[in-house]
Amino acid sequence: MRDKRIYLVTGEHSTETALPEPSAPLEEYKRTPEFDREHIPAGLLHDHHTKAGVWGRIVILEGQLRYCLDDGSGRNWSLSPERPAWIPPDVPHHVEAADMVRFYVSFWR
């Protein structure tokens, strides 16, 4: 089994680490409905992960959302319409909503 950390850039010398990205082309196969602050599924707010071999993509339509890794590193990123995020396969994470947000998650393999 490959080490999940290969998907993550450490970036010790920057104030905010680079977001992980897939190294090979992927194809979208599923997308969630749009969520807002009041309608985020509870599962997204707590430690969860995508399946092995499946990348997620958080796309912010409006506002901001915090994407946090639950791998013990404490790394997190503020996402916006200009800054979506790829979610590596099988890496534990959760999201935290800002005051106003509208987003969806798509799944790629």
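Attention in this report is confined to the structure presented alongside it. Everything numeric here is computed off the predicted structure, so don't read it as measured data. (Residues numbered from 1 in each chain as written. Predicted model: local features only at pLDDT ≥ 70, side-chain atom pairs only at ≥ 80, totals over all residues. Heavy atoms only, no water.)

Tracing the backbone shows H93 in strand β6 (residues 93-108). Assessed through its relative accessible area of 2%, H93 is described here as buried. Side-chain polar atoms of H93 contact the backbone oxygen of V91, separated by 2.8 Å. In this view, H93 contacts H46, D47, H48, H49, T50, Y67, C68, L69, D70 and I87; residues no more than four positions away in its chain are not counted. (Helix = DSSP H or I, 4+ residues; strand = E, 2+ residues; numbered from the N terminus. Buried < 20%, exposed > 50% of the residue type's maximum accessible area, 1.4 Å probe, protein only. Polar contact = N/O pair within 3.5 Å; in protein donor to acceptor, adjacent residues only side chain to side chain. Contact = heavy atoms within 4.5 Å.)

Inspection of the secondary structure puts R57 in strand β3 (residues 55-69). Buried within the structure, R57 lacks any salt-bridge partner; E21 is the closest side chain of opposite charge, at an N-O distance of 6.5 Å. Those residues in contact with R57, other than ones at most four positions away along the chain, are P84, A85, W86, I87, Y104, V105, S106 and W108. (Lys, Arg positive; Asp, Glu negative; His and termini not counted. Salt bridge = Lys/Arg side-chain N within 4 Å of Asp/Glu carboxyl O.)

The side-chain alternation of strand β4 (residues 76-79) yields one buried face, formed by W77 and L79, and one unburied face, formed by N76 and S78. Here β3 pairs with β4 via 4 bridges, running antiparallel. Counted as the bridge partner of Y67 is W77 from β4. In this structure, the hairpin formed by β3 and β4 is closed by a connection of 6 residues, where G72 is found at a positive phi of approximately 90 degrees. (Pairing = 2+ DSSP bridges.)

This part takes up the nonpolar core. Counting residues in hydrophobic clusters, the biggest one holds 20 residues, and the most contacted among them are I58, I60, L65, Y67, L79 and F103. Those elements giving two or more residues to this core turn out to be β3, β4, β5 (85-87) and β6. Apart from residues no more than four positions distant in its own chain, Y67 is found in contact with L19, I58, R75, N76, W77, L79, A85, W86, I87, P88, H93 and H94. (Core = buried A, V, L, I, M, F, W, Y, C linked by side-chain atoms within 4.5 Å.)

This brings us to the packing of aromatic side chains. A full pass over the atoms with the stated rule returns 4 aromatic pairs. An angle of 85 degrees between the planes, with centres 6.2 Å apart, marks the rings of W55 and W86 as edge-to-face. With a gap of 31 residues between them, W55 in strand β3 and W86 in strand β5 connect regions that are remote in the sequence. Like W86, W55 is buried. Ring geometry for Y67 versus W77: centroids 5.4 Å apart, planes at 25 degrees, classification stacked. Linking Y67 in strand β3 with W77 in strand β4, this pair joins segments that are 10 residues apart in sequence. Residue class for W77 comes out buried when judged on its relative accessible area of 1%. The rings of W55, W86 and W108 are connected pair by pair, giving a single aromatic cluster. (Phe/Tyr/Trp six-rings, centres within 6.5 Å; stacked < 30°, edge-to-face > 60°.)

Spatial relationships are all this shows, so hold off on functional conclusions.
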